[in-house]
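Reading the structure
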Amino acid sequence: MTTENNTIFGKIIRGEVPSEKVYEDDDVLAFKDLNPTAPVHILVIPKKYIVNLFDVEEEDAELLGKLLLVAGKVASEQGLEEDGFRTVINNGAGVGQSVFHIHVHILGGRDFSWPPG
Ligand code: AMP
């Protein structure tokens, strides 16, 4: 596991880079994506530095669950209950992960195709 978090999300957590926060507690932060790909595009991240799902440990189980709990709460607050929302976690550069601090994308407010591209 990596200990030094030099990613842009590490900087957001430490307050070194601004973000438009929509939720924060001791463990989790949610903020608007800088380059939204849907009318609602929010990222939910743990404050603990975890690279992606290949980097998780048994002790992270509760924290991972909390990310999804917060995702549901935030999506509800954003008015997505009627039409639904999509969650995405990209794990690895090969599938599009560009920031190597784990994050759950909350996407909503438009049509989505399945299977995803
Ligand atoms: P991924 O490609 O799954 O790693 O997603 C990274 C996401 O982070 C992209 O949707 C970016 O638009 C978003 N992003 C990058 N920098 C920032 C930032 N400073 N504030 C908010 N979102 C960002």
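Summary of the structure given here. All values reported here derive from a predicted model rather than from experimental measurement.

In this section: the site of the ligand. For the ligand, the set of nearby residues contains 17 residues, the closest of which are Asp33, Asn90, Gly96, Ser98 and His105. Take Asp33: an N or O atom from its side chain is 2.5 Å from an oxygen atom of the ligand. Gly96 places a main-chain nitrogen or oxygen 2.7 Å from an oxygen atom of the ligand. With the chains in place, 85% of the 510 Å² that the ligand exposes on its own is no longer accessible. Elements that contribute at least two residues to the shell around the ligand include exactly helix H1 (8–13), strand S2 (28–32) and strand S3 (40–46). Sort the elements by how many residues they give to the shell around the ligand and H1 lands first, with 3 residues.

Attention shifts here to the sheet that holds strand S5 (residues 104–108). To summarise the sheet geometry, strands pair through backbone hydrogen bonds and adopt either a parallel or an antiparallel arrangement. Spatially, S1-S2-S3-S5-S4 is the arrangement adopted by the 5 strands of the open sheet, whose pairing is antiparallel. The sheet is open, and its two borders are formed by strand S1 (21–24) and strand S4 (86–88), each paired with just one other strand. Strand after strand, the sheet turns through a mean of 20° between neighbouring axes, direction not considered. With 5 bridges joining them, S3 and S5 adopt antiparallel strand pairing. When the bridges of S5 are listed, Ile42 appears paired with Ile106. With respect to the sheet, helix H2 (residues 61–77) is in contact with S1, S2, S3 and S5, its orientation differing from that of S3 by roughly 155°.

Counting buried positions along S3 yields 7 of 7 residues, so the element is predominantly enclosed. Sheet topology note: the S2/S3 ladder contains 5 bridges and is antiparallel. The residue bridging Phe31 from the neighbouring strand is Leu43, located in S3.

It is worth spelling out the nonpolar core at this point. Counting residues in each nonpolar core, the largest one holds 17 residues, and the members touching the most others are Val28, Val44, Val74 and Ile106. Where this core is concerned, the elements lending two or more residues are S2, S3, H2 and S5. Apart from the residues within four sequence positions on either side, Val74 is in contact with Val22, Tyr23, Ala30, Ile42 and Ile106. Counting 7 residues, the second largest nonpolar core, distinct from the first, contains Ile12, Phe31, Leu43 and Ile45.

What counts and how
Per chain, residue numbering runs from 1 following the sequence as it is written. Side-chain atom pairs in this predicted model are given and counted only at pLDDT of 80 or more, local residue features only at pLDDT of at least 70, and totals for whole chains, interfaces and linings cover all residues. To obtain the side-chain values, all non-hydrogen atoms of the structure were included, while hydrogens and water were left out. In this text, near means that some heavy atom of the residue lies within 4 Å of the molecule or strand in question. Counting of polar contacts relies on pairs of N or O atoms within 3.5 Å, with two restrictions inside protein: one atom must be capable of donating a hydrogen and the other of accepting it, and residues adjacent in sequence are counted only when both atoms are side-chain atoms. Using the Shrake-Rupley algorithm and a 1.4 Å probe, accessible areas are obtained, with residue cover drawn only from the displayed protein chains. Secondary structure elements follow DSSP: runs of H or I no shorter than four residues count as helices, runs of E no shorter than two count as strands, and numbering proceeds from the N terminus. A pair of strands counts as paired when DSSP detects no fewer than two bridges linking them. Only the contacting stretch of a helix is used when fitting its axis, a line to C-alpha atoms as for every element, and angles between N-to-C directions run 0 to 180 degrees. What makes two residues a contact is simply this: any of their non-hydrogen atoms within 4.5 Å. Only protein chains enter the area calculation, which uses a 1.4 Å probe; residues under 20% of their type maximum are buried, those over 50% are exposed, and those in between are partly exposed. In plain words, nonpolar cores are sets of buried Ala, Val, Leu, Ile, Met, Phe, Trp, Tyr and Cys residues tied together by side-chain atoms within 4.5 Å.

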